[in-house]
Amino acid sequence: MATITDATGARHARILGVGGYRPSRVVPNAEIVDAIDSSDEWIRTRSGIVERRWATPEETVQMMSVAASRKALDRAGIDAKQVDCVIVSTVSHLMQTPSVAATIADELGTEHAAAFDISAACAGFCHGISMAADFIRGGSARHVLVIGVERLSDLTDVHDRGTAFIFADGAGAAVVGPSDAPGIGPVVWGSEGDRADLITSKTDWPTAMETGETPYLAMNGNPVFRWASFAMAKIGQEALDRAGITADELDCFVPHQANMRIIDALARSMKLPESVKIARDIAEMGNTSAASIPLALDRMIEEGQATSGETALFIAFGAGLVYAAQVVVVP
Ligand code: COA
């Protein structure tokens, strides 16, 4: 019997560059409050959100992804032709097939890179980073482009008090490649599908087609809030433990940007010292789901808050319920 050759990859993987795209249209709380009988003060106090970005018709999932990716490739010093795999995490590309990853890979100018979409909601970027690291170490790819992108404004009912002020649009991308030293720590991830009804589309597509009802996002915010604030701190701690570092050694905390109070609660529960720099992009961006972590990290790097070689803890959670956390080295 013949033996087949196994793939061999790089010893380690790391993020080589990140990039973000923020849609041009700024939507302040004042523009939202009348339709949901709310107030700027309530939204700021309960969520920390001051304004968000909603994409214009020209700012499509494809367009925002390509813009974020070009920036990430440029920062990484990697040509699109060196990318062998494109992973796009999104729940708001409103075209069932083909994957948006394939057309993004083409527009960027990759040479027939493997390309596919994943659906892991707000945790999708962290799922993609974990997969990219494994592909590189396992020998399936040398450079992987991971994109988190959403146009949640298309799926948000502006009259829904529970969601209208939260969800928003944007894209973030990261180039992952081989490294001499560990750059992406072990992922701690999982799902709790028995709680899937907490964040869900209001209808499935067959019902939407029959009734004409738009499958807007629906969320039971309070249980999600409690779950995220407590359970996710344990997941973050496990990611630190598995990466072999303590909270005192951590430089940056870049959690999913869902609610400022969740960010604060996580930092408190994990006893992060004052020295840890915390991403607070939620105030200006709202919740951009899969895009929120790369967008927040991109901003921290641009503003000089996070510097190359520092460690950053990602914690992401969302519809499913699903979650993923890992420690990475800042590119
Ligand atoms: N404007 C004004 N008042 C509102 C409101 C709104 N948009 N939405 C709800 N309220 C009212 C409620 O009616 C309730 O009033 P009552 O006390 O008189 O009954 C009160 O505010 C509290 O409502 P509650 O839903 O318990 O608020 P909350 O503190 O849980 O905050 C969220 C609501 C949505 C901000 C919060 O639950 C949250 O952020 N959840 C997690 C969201 C999240 O992370 N989602 C994404 C995961 S990917």
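Higher on the page you've got the structure.
As the structure is a computational prediction, the values presented were derived from the model and not from experiment.

Rules used in this analysis
- Chains are numbered independently. Their residues run from 1 in the order of the written sequence.
- Thresholds applied to this predicted model are a pLDDT of at least 70 for local features of residues and 80 or more for the giving and counting of side-chain atom pairs; totals over whole chains, interfaces and linings are not thresholded and use all residues.
- Note that the side-chain values use all heavy atoms of the structure and ignore hydrogens as well as water.
- Per the convention used, a helix needs a DSSP run of H or I reaching at least four residues, while a strand needs a run of E reaching at least two, with both numbered from the N terminus.
- Partly exposed describes any residue whose relative accessible area lies between the buried limit of under 20% and the exposed limit of over 50%, with all areas from a 1.4 Å probe on protein chains only and scaled to the type maximum.
- By definition in these notes, contact holds between two residues if any of their heavy atoms fall within 4.5 Å.
- Here, Shrake-Rupley sampling with a 1.4 Å probe gives the accessible areas, and only protein chains in the shown set may cover a residue.
- Positive charges come from Lys and Arg alone, negative charges from Asp and Glu alone, with His and the N- and C-terminal ends not counted.
- Where a charge lies is defined by one atom per residue type, namely NZ (Lys), CZ (Arg), CG (Asp) and CD (Glu).
- To be near a molecule or strand, a residue needs just one of its heavy atoms within 4 Å of it.
- By the criterion applied in these results, polar contacts are pairs of N or O atoms within 3.5 Å in which, for protein atoms, one can donate a hydrogen and the other can accept it, and in which residues neighboring in sequence qualify only through two side-chain atoms.
- Think of it as three bins: nonpolar holds Ala, Val, Leu, Ile, Met, Phe, Trp, Tyr, Cys and Pro, charged holds Asp, Glu, Lys and Arg, and polar takes everything else, Gly as well.
- Boundaries of every domain are those given by an automatic assignment or by a domain database.
- Working definition: a ring pair exists when centres of Phe, Tyr or Trp rings (six-membered ring for Trp) sit within 6.5 Å. Plane angles under 30 degrees give stacked, over 60 give edge-to-face, the rest tilted.
- A carboxyl oxygen of Asp or Glu within 4 Å of a side-chain nitrogen of Lys or Arg is what we treat as a salt bridge.
- Candidates for patches are residues over 30% relative accessible area with no salt bridge; among them, like charges are joined within 9 Å and nonpolar side chains (Val, Leu, Ile, Met, Phe, Trp, Tyr) within 5 Å.

**Q** Can you walk me through the overall build of the chain in this structure?
**A** Summing up its helical and strand segments, the chain has 9 helices and 14 strands in all. Counting the 331 residues in the chain, one finds 56% classified as buried. For the chain, restricting intrachain contacts to residue pairs at least 6 apart in sequence, the fraction spanning at least 24 positions comes to 78%. Entry remark: accessible area of the chain is about 14,200 Å², with carbon and sulfur atoms responsible for 50%. Charge-centre separation for the chain: the mean point of 27 positive side chains lies 5 Å from the mean point of 42 negative side chains.

**Q** How should the site of the ligand be read in this particular structure?
**A** Close to the ligand lie 22 residues; Ser38, Arg46, Gly221, Asn222 and Asn259 are nearest. Within the contact set of the ligand, an oxygen atom lies 2.8 Å away from a side-chain nitrogen or oxygen of Arg46. At 3.0 Å, a backbone N or O of Gly221 approaches a nitrogen atom of the ligand. In isolation the ligand offers 960 Å² of accessible surface; the protein chains occlude 72% of this area. Contributions of two or more residues to the shell around the ligand are made by helix H1 (40-47), helix H6 (221-243), helix H7 (260-269) and strand S13 (311-318). Among the elements that make up the shell around the ligand, the one with the highest residue count is H6 (4 residues). Taken together, the residues of the shell around the ligand break down into 12 nonpolar, 7 polar and 3 charged. A domain-level breakdown of the shell around the ligand finds at least three residues from each of domain 1 (12-179) and domain 2 (188-329).

**Q** Looking at this structure, I do not really get the packing of aromatic side chains. What am I missing?
**A** Ring pairs (aromatic) are described by centroid distance and by the angle formed between their planes. Evaluation of the coordinates by the stated rule reveals 4 aromatic pairs. Ring pairs connect the aromatic residues Trp227, Phe317 and Tyr323, which therefore count as one cluster.

**Q** Would you take a moment to explain the environment of Ala7 for this structure?
**A** By the secondary structure assignment, Ala7 is in the segment before strand S1 (12-21). The spatial distance from the C-alpha of Ala7 to the C-alpha of Ser140 is 7.0 Å, given a sequence separation of 133 residues.

**Q** Explain the pattern of salt bridges here, please?
**A** A side chain with one charge may pair with a side chain of the opposite charge, provided their charged atoms come close. Per the stated rule, a full pass over the model turns up 17 salt bridges. Each of Arg22, Asp281, Glu284, Arg299 and Glu303 takes part in a single network of salt bridges with overlapping partners.

**Q** Just to check I follow, could you spell out the environment of Met260 for this structure?
**A** By secondary structure assignment, the location of Met260 is in helix H7. Residue classification places Met260 among the buried residues on the basis of a relative accessible area of 14%. Between the C-alpha atom of Met260 and that of Arg280, which follows or precedes it by 20 residues, the distance is 7.1 Å. Those residues in contact with Met260 that lie beyond four places of it in its chain are Ser47, Gly48, Arg280, Ile282 and Ala283.

**Q** Got a minute to help me understand the environment of Thr203 in this structure?
**A** One can find Thr203 in the loop between strand S9 (199-201) and helix H5 (205-211). For the pair Thr203 and Glu213, spaced 10 residues apart in the sequence, the C-alpha separation amounts to 7.5 Å. The contact partners of Thr203, leaving out residues within four places of it in the chain, are Ala208, Glu213, Thr214 and Pro215.

**Q** Any chance you could explain the side chain of Thr163 here in plain terms?
**A** Structurally, Thr163 can be placed in the loop between strand S6 (144-151) and strand S7 (169-179). Residue Thr163 is classed as buried on the basis of its relative accessible area of 1%. Here Thr163 is in contact with Thr156, Asp157, Leu217 and Met219, once residues within four sequence places are set aside.

**Q** Is there a simple way to explain a nonpolar patch on the surface in this structure?
**A** A surface patch of nonpolar side chains, amounting to about 370 Å² of accessible area, comprises Leu94, Trp205 and Met209. Mapping Leu94 onto the fold places it in the loop between strand S4 (85-89) and helix H3 (100-108).

Geometry only, nothing functional implied.
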